[in-house]
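A closer look at the structure
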Amino acid sequence: MSDPSLIRWSFWPKVGPVEYGKMPRKKMQENLQRFEVEARKLLAETGADHVVYGRKLYTEDGELEEIRFYLVPMTDEEFEKKVVPLKSQQVYAVHKMK
């Protein structure tokens, strides 16, 4: 049986291999905050409309299954196409003020 205090995580860089492992659940918020800081920098540097930096994936029963980290700049069109349709997930992103 898996340890309920741990959660699977993965980091999906634009290039290079996916990193993954398990982390204590209590470290999730701290890691999301670190990625948010980087996402805000990337938003300013790229002029993107949005930067997605995390997703929490849930099972059909509503249990947290995995947390994924990204640093993906997107246009409004990309965000609408790739993020809006996602189900059973909580998406973390920063957005350009318009």
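Residues numbered from 1 in each chain as written. Predicted model: local features only at pLDDT ≥ 70, side-chain atom pairs only at ≥ 80, totals over all residues. Heavy atoms only, no water.

What follows is about the nonpolar core. By size, the foremost hydrophobic cluster in this structure holds 18 residues, and its most contacted members are M23, Y53, I67 and F69. If you list the elements that add at least two residues to this core, you get β1 (6-11), α1 (28-46), β3 (50-58), β4 (64-74) and β5 (89-95). Discounting residues that sit within four places of it in the chain, I67 has contacts with I7, R8, W9, S10, M23, M28, L32, R55 and K56. One finds V52, Y70, M74 and F79 within the second-largest nonpolar core, a separate group that totals five residues. (Core = buried A, V, L, I, M, F, W, Y, C linked by side-chain atoms within 4.5 Å. Buried < 20%, exposed > 50% of the residue type's maximum accessible area, 1.4 Å probe, protein only. Helix = DSSP H or I, 4+ residues; strand = E, 2+ residues; numbered from the N terminus. Contact = heavy atoms within 4.5 Å.)

A few words now on the pairing of β1. Where β1 and strand β2 (residues 19-24) come together, six bridges link them in antiparallel fashion. From the neighbouring strand, F11 faces β2, where its bridge partner is E19. Bridge count for β1 against β4 is four bridges, and the pairing is parallel. Its bridge partner lying in β4, F11 is registered against F69. (Pairing = 2+ DSSP bridges.)

What follows concerns the packing of aromatic side chains. According to the stated counting rule, one finds three aromatic pairs in the structure shown. Where F11 meets F35, the ring centres are 5.4 Å apart and the plane angle is 50°; that geometry is what we call tilted. Placement of the pair is F11 in strand β1 and F35 in helix α1, with a sequence separation of 24 residues. Here Y53 and Y92 contribute two aromatic rings whose centre-to-centre distance is 6.0 Å and whose plane-to-plane angle is 50°, an arrangement assigned as tilted. Note that Y53 is positioned in strand β3 and Y92 in strand β5, a separation of 39 residues in sequence. (Phe/Tyr/Trp six-rings, centres within 6.5 Å; stacked < 30°, edge-to-face > 60°.)

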